[in-house]
Amino acid sequence: ARSDLPGGKLTPEALRDLFLCPPSEREYNWRNLFASINLLRILQKITKNKPSRLNVLIHYKAPIIVKRLLKLNQEHVQVCSLKLLKNQVKYLGRKWKSAPSNMKIISAIYEYIRPDLMDDWLLSELPGEGEIFLVPPSPSANQEAANGAKFEESLRQQVDDFNNERYLRPELADEELHRIALEESVW
């Protein structure tokens, strides 16, 4: 329990005991570890409160990959992985939630990640699964996902327009390529 930990903080030993990871004497490459932590943080920021992006992650089996990262005996990787899984649990099915190994993950999220005031991450957004909802899902959940997809498309178009206008002007691109070719031929 959190109260058993010194200062209520998450320790690698507590998570190691929770997931029964064998203690490792091996040192990790800090660059790879730091890159993994940053990738998890960026993914969490990009997908937070974005159902369409979370569904894409789930479609590409991200929970399986993130579960593997929980086996690393490093506190920051585990906390970032738990935060990312917390966002995805809402869109995973009842079968995933009821698996014993996934129950440990749900317990770890509940135990080590600070809850929000209106946390509904454990409620399901998948209608027709026969689940009992504590709070019924909003009727506009599908509409919200469709609006998210439209927003993603318009944002992608705006970024493309900006990049084409700023960096790929055809008249400047040809002159620039001609200048570079002349400089290389001089050498």
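Residues numbered from 1 in each chain as written. Predicted model: local features only at pLDDT ≥ 70, side-chain atom pairs only at ≥ 80, totals over all residues. Heavy atoms only, no water.

**Regarding the pattern of salt bridges**
Here comes step 1: By the definition in use, this model includes four salt bridges.
Here comes step 2: One salt bridge in this structure joins D120 and K90, with 2.9 Å as the shortest N-O distance. In this pair, D120 sits in the loop between α7 (100-112) and α8 (141-167) while K90 sits in the loop between α5 (75-89) and α6 (94-98), placing the two residues 30 residues apart along the sequence.
Here comes step 3: A relative accessible area of 14% places K90 in the buried class. (Salt bridge = Lys/Arg side-chain N within 4 Å of Asp/Glu carboxyl O. Helix = DSSP H or I, 4+ residues; strand = E, 2+ residues; numbered from the N terminus. Buried < 20%, exposed > 50% of the residue type's maximum accessible area, 1.4 Å probe, protein only.)

**Regarding helix α3 (residues 51-59)**
Here comes step 1: Every buried residue of α3 is listed here: P51, S52, L54, L57 and I58.
Here comes step 2: Residue K61 follows α3 closely and has a positive phi angle near 60°.

**Topic: the environment of N38**
Here comes step 1: By the element assignment, N38 lies in helix α2 (residues 30-47).
Here comes step 2: Between the C-alpha atom of N38 and that of C80, which follows or precedes it by 42 residues, the distance is 9.0 Å.

**Description of the packing of α3 against α5**
Pairs of packed helices are described in terms of their axes, by the angle between the two and the distance that separates them.
Here comes step 1: Running from N to C, α3 and α5 point in directions that differ by 105°, and their axes come no closer than 10 Å. One finds that α3 runs roughly perpendicular with respect to α5. Side by side, α3 and α5 meet where L54, L57 and I58 of the first sit next to L84, N87 and Q88 of the second. (Axes fitted to C-alpha atoms, helices over the stretch in contact; angles between N-to-C directions. Parallel < 35°, antiparallel > 145°, perpendicular 65-115°, else oblique. Contact = heavy atoms within 4.5 Å.)

**Thoughts on the environment of L40**
Here comes step 1: Looking at the element boundaries, L40 is found in helix α2.
Here comes step 2: Taking the relative accessible area as the measure of exposure, L40 reaches 3% and is therefore buried.
Here comes step 3: The sequence separation of L40 and L69 amounts to 29 residues, and the corresponding C-alpha distance is 9.9 Å.
Here comes step 4: Not counting residues up to four positions away in its chain, the partners in contact with L40 are L69, V77, C80, S81 and L84.

**Some words on α7**
Here comes step 1: The first and last C-alpha atoms of α7 sit 18 Å apart over 13 residues, in line with the 18 Å expected at 1.5 Å per residue.
Here comes step 2: Those residues of α7 lying buried are N102, I105, I106, A108, I109 and Y112. The buried residues of α7 occupy an angular sector of 160° when the element is viewed end-on, so they sit on one face. Away from its buried face, by an angle of more than 90 degrees, α7 presents the exposed residues P100 and Y110. (Expected span 1.5 Å × (residues − 1). Arc of directions from axis to C-beta.)

Everything listed is a geometric property; what it means functionally is a separate question.
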